[in-house]
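So you can see what is in the structure, the chains are spelled out below.
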Amino acid sequence: MFDFQNAPDRRHTYSIKWSIGEDEFPMFIADMDFKTAPAVSRAIRNKAALDVYGYHKVPSVFFEAVANWQQRRHGWAVNPSQILYCEGVMPGLASALRHLTQPGDKVVALSPVYHHFYSAVRDNARDLVLCPLDCEDGNYRINFARLEQTLLDSQAKLLMFCNPHNPAGIVWSEKDLIRLGQLCDKHNVLVFSDEIHADLTDREARYTPFAKASSLCARQSVVAISPSKAFNLAGLHTASLVIENEALREKVRAGLHADMVDEPNAFSIEATLAAYTESDDWLNELVAHLAVIKRYACQHLVEHCPGIKVSYPQASYLLWIDCSALTDNTDELADFLRETTGLIVTKGGVFAGNGQSYLRMNVAMPFSLLEEGLSRFVRGWNGYRQGQTS
């Protein structure tokens, strides 16, 4: 048994999540308030004890560990030679945008989706094209006819994809991935698939890596994976890009090097190795524990917040909360929650699509903290609701 009931005090530690007002409570940015796996902590402490933190390389054992992890956890046979080290998924995406497309090229995203996709495109002088997902009763699906028309009209060069989906926690079916790959191949569009939440997929759900779905998917994709979400290592900046297509891989490799995002820090290698080679049991228990937390949070909100709708996320620890019973613009609601209860959640509008009527909430925390956050949300929801009817 591992400890998921106690959280370290992260205030005044330069944590983004906890650098807030003394009376405020954070349920926004996607990191957990659980300690990482014991093996990871040991590896970092052992490395820290050297008292020298110079330049580091990426050893072959790193790529072997990544490949073995994918085979063991997801049944995906990856050749270690097809893996590139990168400082993070978003640095990898930004670099891919710069070196696989040209300024002014069109880049497509299925909205709503992780909002930093959008800034990566705009910051690199590419043109963002949004293709909205269909949504019915809180369930999202890809409208493939709309997507094909979007790819055709925009003459896009790259599609940014999120598998599993952030913010909705969808685990896309293999059938959907295959069809997506067929469309992108037909229109000569590359795919960058962000799979950072994959290791947090519920046991009952079936996550399929994009490149595993079909040979078409594999030959035209960059699949980004990382232990950062599952093992709470975001601050160590470690990720891997899996690219089967040799020509594509060499372009990305050269781009990562040119952008100087292909070198590890003093702790990222040891932390990743400990996560991928010694921490299966910890992750299994975490995923099971998160399932309990997510079900409890969903039920609690539905029972205590009239009109609210919350779909259970199959992956990740993020709730995507439909607030349309109260408002079609959650900016004001989120501000009200913070001003009246101190609770900070993510405004759904930043994710585009139909996100304007949603809020995103991070529930990855011990029950004692979760109860505090949910209590604040319920109080704020009902206060906002009463204000509308008075």
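One can find the structure itself at the top, above this paragraph.
About the thresholds
- Residues numbered from 1 in each chain as written.
- Predicted model: local features only at pLDDT ≥ 70, side-chain atom pairs only at ≥ 80, totals over all residues.
- Heavy atoms only, no water.
- Helix = DSSP H or I, 4+ residues; strand = E, 2+ residues; numbered from the N terminus.
- Buried < 20%, exposed > 50% of the residue type's maximum accessible area, 1.4 Å probe, protein only.
- Pairing = 2+ DSSP bridges.
- Disulfide = S-S within 2.5 Å.
- Core = buried A, V, L, I, M, F, W, Y, C linked by side-chain atoms within 4.5 Å.
- Contact = heavy atoms within 4.5 Å.
- Salt bridge = Lys/Arg side-chain N within 4 Å of Asp/Glu carboxyl O.
- Polar contact = N/O pair within 3.5 Å; in protein donor to acceptor, adjacent residues only side chain to side chain.
- Axes fitted to C-alpha atoms, helices over the stretch in contact; angles between N-to-C directions.

Student: Which residues make up the environment of F25, and what values go with them?
Tutor: Within the fold, F25 resides in strand β1 (residues 25-26). Judged by its relative accessible area of 5%, F25 falls in the buried class. Taking the C-alpha atoms as reference, F25 lies 23 Å from T327; in sequence the two are 302 residues apart.

Student: Run through the pairing of strand β4 (residues 127-132), naming residues and quoting values.
Tutor: The sheet contact formed by strand β3 (residues 106-111) and β4 spans six bridges and is parallel. Across the sheet, residue V108 finds its bridge partner in β4, namely V129.

Student: With reference to specific residues and values, describe the state of the cysteines.
Tutor: Going through the model one piece at a time under the given rule, you end up with zero disulfides. We note that C217 lacks a disulfide partner, and the nearest cysteine sulfur, in C184, lies 8.3 Å from it. Residue C217 is classed as buried on the basis of its relative accessible area of 0%. Here C323 is not cross-linked by a disulfide; its sulfur's nearest cysteine counterpart is in C305, at 8.9 Å.

Student: Let's hear about the nonpolar core: which residues, and what values?
Tutor: The biggest cluster of nonpolar side chains holds 103 residues, and the ones touching the most others in it are L147, L301, M361 and F377. The element contributing the most residues to this core is helix α11 (residues 280-304), with nine residues. Beyond its immediate chain neighbours, meaning those up to four positions away, M361 contacts M27, L301, Y317, L318, L319, I321, V345, L374 and F377. With 30 residues, the next largest nonpolar core counts L93, L100, V107 and Y118 among its residues.

Student: Just give me the short version of the pattern of salt bridges, but keep the residues and values in it.
Tutor: One pass over the structure, following the stated rule, counts 19 salt bridges. The closest approach of N and O atoms between R98 and D259, which form a salt bridge, is 3.1 Å. Residue R98 is located in helix α3 (residues 89-100), and its partner D259 is located in the loop between α9 (246-258) and α10 (268-278); the two are separated by 161 residues in the primary sequence.

Student: Describe the sheet that holds strand β15 (residues 358-362), listing the residues and the values that go with them.
Tutor: With respect to topology, four strands assemble into an open sheet ordered β11-β12-β15-β14, the strand pairing being antiparallel. Edge positions in the sheet fall to β11 (309-311) and β14 (346-347), since each of these pairs with one other strand and no more. The pairing of β11 with strand β12 (residues 318-322) spans three bridges and is antiparallel. By the bridge assignment, S311 is partnered in β12 with W320.

Student: Tell me about the side chain of T238, residues and numbers included.
Tutor: Within the secondary structure, T238 sits in the loop between β9 (221-225) and β10 (239-242). Within polar-contact distance, the side chain of T238 engages the side chain of T272 at 3.0 Å. Ignoring anything within four residues of it in the chain, the contact list for T238 reads F62, Y85, C86, E87, S226, P227, S268 and T272.

Student: Break down the sheet that holds β4 for me, citing the residues and quoting the values.
Tutor: Spatial ordering of the open sheet is given by β2-β10-β9-β8-β7-β3-β4, a layout of seven strands whose pairing is mixed. A strand with exactly one partner marks an edge of an open sheet, and here the two such strands are β2 (83-86) and β4. Adjacent strand axes in the sheet meet at a mean angle of 25 degrees, parallel and antiparallel pairs treated alike. Judged from the four bridges that link them, β2 and β10 form a sheet pairing that is antiparallel. In the strand pairing of β10, Y85 is matched with S240. Its contacts with the sheet put α3 on β2, β3, β7 (158-162), β8 (190-194), β9 and β10, and the angle it makes with β8 is roughly 170 degrees.

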